[in-house]
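Structural overview for review
Below, each chain spelled out in residue letters.
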Amino acid sequence: MSLDTSTLYLVAAMVAAMLGAMLLFVGSQENIPALRWWGTAYLLGAASIALWTLAASSLGEMLSLALNAVGFLACGMVWNASRVFHGRKPNLPGLVLGAIAWVAAVMTLSPEASAMRITIGAGIVALYAALTAGELWSERRRTLQRRWPAIVVPALHGFALMLPILLGGFLYADQDKFSGSVWVTVFSVELVLYAVGTVFVIFMLVSERTVTAHKTAASMDPLTGMFNRRGFAEACSRVIEREATAGRPVTVLIFDIDHFKSINDRHSHAVGDDVLRRVGRILRSACRPSDLAGRYGGEEFVLALLDTTPERARAVCERLRASVVDHAWSTLRPGLEVTISIGLACSAAHASTAELLAAADARLYEAKRAGRNCVR
Ligand code: GH3
Ligand code: MG
Ligand code: MG
């Protein structure tokens, strides 16, 4: 079977253009700058390949050189898109360096050395592919299992383009036939596969990120920035399981702001919200970063203390209670006073989150009945 090279390149250009338009559209709709980088890169790349394929012979040396440079600029943009996607700044010198290197190489090489030109061009594209793969690799927040296509696709692409360099001696023996050789066909097919494969990877990464963002939003309390009831319960269950396996106890405390309704009534709901925020901050500063803290609902907060003794747990509760009483509440409203009542429960081995919380809740009500502003 013989495949026509120009047709293949045009198909590659059309596929890339459609994917680019799609990326730009989604990037604008969802306001994801990295997708706009990727989309623009694809459109530029597609335009340069299409024009070069259709009109290279009639363009003249300078224009076709410029077209090639635009193609390398597109490769640099793909790399920068992956940087932007991970919250890094675009690398502008790196973006244009490939194009500059190409122009410099063509200016210095003799026009007959077409194989050498193609090799250098492939090398530049391979380098950008490797940089893109490296960028995706260094994103260590995701699991390797999920990230592997993000690394394999650009890495394979780079490898395919490196082949003529690796096999250079073999190819140069047949300079004249190079441009019509099987490699050119292989590259054009590879280009289509790469363009489609990359977009698949991009959307996989974007959807993973969106899911993570929604999950985070669903488990966070926007007022205090802490876990909400759901987030706390989920995290606490995971932690209890882990600690039970390790044979370590987990201690849970629930506390409730005393007479909070009257704080709202006397000082306004906005002041009530400020009190909740400040209590959240006091809670966080009273525990270790490894402990789990959350707003359980209304004016109730929870804290799971890990790997701790009942004595330390008791001390944390006392410190917490004292920190709330001693806080400079008058800076918020003159005459404002805030106290909390705390219920504490230490886990027998293999107690569930629900059992622990119920036990702590029962203690909390004892604390309320005992006159508030105390620990049970
Ligand atoms: P107790 O000492 O028995 O706990 O009395 P309390 O007044 O604190 O308890 P109660 O359950 O009667 O009232 C809780 C109040 O908390 C009622 C509700 O309006 C208020 N509240 C719940 N969520 C919020 C919130 O997000 N912001 C503000 N400002 N108030 C809230
Ligand atoms: Mg209350
Ligand atoms: Mg309450």
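Going by the structure above, here's the rest.
A brief look at the structure comes next.

Calculation rules
- Residues numbered from 1 in each chain as written.
- Chains lettered and ligands numbered in written order.
- Predicted model: local features only at pLDDT ≥ 70, side-chain atom pairs only at ≥ 80, totals over all residues.
- Heavy atoms only, no water.
- Donors = N, O, S within 2.8 Å, 3.2 Å for Na, K, Ca; no water.
- Buried < 20%, exposed > 50% of the residue type's maximum accessible area, 1.4 Å probe, protein only.
- Patch = residues over 30% accessible without salt bridge, like charges linked within 9 Å, V, L, I, M, F, W, Y side chains within 5 Å.
- Areas by Shrake-Rupley, 256 points an atom, 1.4 Å probe, with all protein chains shown as cover.
- Salt bridge = Lys/Arg side-chain N within 4 Å of Asp/Glu carboxyl O.
- Helix = DSSP H or I, 4+ residues; strand = E, 2+ residues; numbered from the N terminus.
- Pairing = 2+ DSSP bridges.
- Axes fitted to C-alpha atoms, helices over the stretch in contact; angles between N-to-C directions.
- Contact = heavy atoms within 4.5 Å.

**Some points on the coordination of the magnesium ion (ligand 2)**
Here the magnesium ion (ligand 2) is held by the protein donor atoms D256 (OD), I257 (O) and E299 (OE), which lie 1.9 to 2.2 Å from it. Here the donor residues of the magnesium ion (ligand 2) share one chain and are spaced in sequence as D-I-x41-E. The metal-metal distance between the magnesium ion (ligand 2) and the magnesium ion (ligand 3) comes to 3.7 Å, with D256 coordinating both. Residue classification places D256 among the buried positions, given a relative accessible area of 7%. The class for I257 is buried, based on a relative accessible area of 1%.

**A closer look at a nonpolar patch on the surface**
Taken together, L3, V189 and L193 make up a surface patch of nonpolar side chains, about 260 Å² in accessible area. Mapped onto the fold, L3 is located in the segment before α1 (5-30).

**With respect to the sheet that holds strand β4 (residues 340-346)**
Taken together, the four strands give an open sheet; going across it, the order is β2-β3-β1-β4, and neighbouring strands pair in antiparallel fashion. Each of the sheet's edge strands pairs with one partner strand only, and the pair in question is β2 (292-297) and β4. Sheet twist, expressed as the average angle between the axes of neighbouring strands with direction ignored, equals 20 degrees. Both strand β1 (residues 250-257) and β4 contribute to a ladder of seven bridges, which runs antiparallel. Note on β4: the bridge partner recorded for T251 is C346. Strands in contact with helix α11 (residues 269-286) are β1, β2 and β3 (300-306); relative to β3, the strand with the most contacts, it is inclined by about 10 degrees.

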